[in-house]
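Each chain, written out:
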Amino acid sequence: MKRFFIITNEHRDEDLAVTRSVQDYIAKHGGESSYYVSNKTEWKNRSLHSLAADGINADCILVLGGDGTLVRAAREMAKIGVPLIGVNLGTIGYLCELDLDQVFPAIDCLLKDQYEVENRMMIQGSVPGEEDGEPTLALNDIVIHRVGSAQLINLELTVNGEYLATYSADGIILSTPTGSTGYSMASRGPIVDPKTELILITPINPQSFSARSIVVGADAQIEVTLAKRRVEEDEEAEVAFDGDRFSYLKVGDKIRVQKADVSAKILRLDRLSFLQILRKKMT
């Protein structure tokens, strides 16, 4: 591995001191690199869409920022199949493997091809009637959440065409195993080994005490409909993909969610097991 592409979150490395030191280190040890800065405007718009993935010629993508930056990069880069590794310049995260003081030893390992690649399952969601008609990818989760009124919304779920349940709740989280340590976990969903393939369905603040997370197979075709709860039928819900891109649902609208055709390739250097990493992050 010799060619590196660096994606930097400007909020975390404002003067690009880390980015430049990484580039210098790579060059001094026989590698080559280029970089892209996710600027404040892009961060506000919650996208990396001005980054042309098909123009990247690299063996590895180094992401300098935090879990959010890595998730965005993984979503945008999934179709070109270049593996990523995250350097945490923010708060404690579950997805970024490296802290700042580990970057140079990690580059040494990458240059020597001492690494493993994990394929992380992604999901995709499509809202019928949207202009572009293209499904939107998510590495962590797709969240349907109420907007406006503080009242609950009714969300009707079917799996593979069969009715499952109607949740009266603030919303619902459809999560990948990678996303199980994110919003889903905060909503009392189970923690799942990120190398597995399945979809977690977790209601957010459900009205019923019996409502629990449900785990379905990776081949499940899930449909969520914003059902009527009030006579006025004025309820609205927003749909967020990894906390970013938003769509909106009105009563009767639905979103279809399923496993994506592509996966995120995440580089691993640490030989710690999933349980060891989990204990380390939770202490």
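Conventions used here
All residue numbers refer to position in the chain's written sequence, counted from 1. Reporting in this predicted model follows two pLDDT cut-offs: at least 70 for local features of residues, and 80 or more for side-chain atom pairs to be given and counted; totals over whole chains, interfaces and linings ignore these cut-offs and use all residues. For the side-chain quantities, the full set of heavy atoms in the structure was used; hydrogens and water were omitted. When a carboxyl oxygen of Asp or Glu is within 4 Å of a side-chain nitrogen of Lys or Arg, the pair counts as a salt bridge. Numbered from the N terminus, helices here are DSSP runs of H or I no shorter than four residues, and strands are runs of E no shorter than two. Partly exposed residues are those whose accessible area sits between 20% and 50% of the maximum for their type, while under 20% is buried and over 50% is exposed, using a 1.4 Å probe and protein chains only. Any two strands are treated as partners once DSSP identifies two or more bridges connecting them. Interaxial angles span 0 to 180 degrees and are taken between N-to-C directions of axes, which are lines fitted to C-alpha atoms, for helices over the stretch in contact. It only takes one pair of heavy atoms within 4.5 Å for two residues to be counted as in contact.

(A) Structural view of the pattern of salt bridges. Tallied over the full model, the rule gives twelve salt bridges. One salt bridge in this structure joins Arg75 and Asp242, with 3.4 Å as the shortest N-O distance. Of this pair, Arg75 sits in helix α3 (residues 67-77) while Asp242 sits in the loop between β15 (236-241) and β16 (245-250), and the two are 167 residues apart along the sequence. With respect to burial, Arg75 and Asp242 carry one shared label: buried. The shortest N-O distance in the salt bridge between Glu223 and Lys254 comes to 3.5 Å.

(B) Region of interest: the sheet that holds strand β13 (residues 214-217). Taken in spatial order, the six strands of this open sheet run β13-β12-β11-β8-β15-β16, and their pairing is antiparallel. The open sheet has two free edges, formed respectively by β13 and β16, since each of these has just one partner strand. Taken over all neighbouring pairs, the strand axes of this sheet differ in orientation by 20° on average, direction set aside. Sheet topology places strand β8 (residues 141-146) next to β15; five bridges connect them, and they run antiparallel. Considered in β15, the bridge of Ile142 is made with Phe241.

(C) Local environment of the side chain of Thr8. Position of Thr8 among the secondary structure elements: in strand β1 (residues 3-9). By relative accessible area, Thr8 is classed as buried at 0%. Look past the residues within four positions of Thr8 in its chain and what remains in contact with it is Asp13, Leu16, Thr19, Tyr36, Val37, Ser38 and Leu64.

Everything listed is a geometric property; what it means functionally is a separate question.
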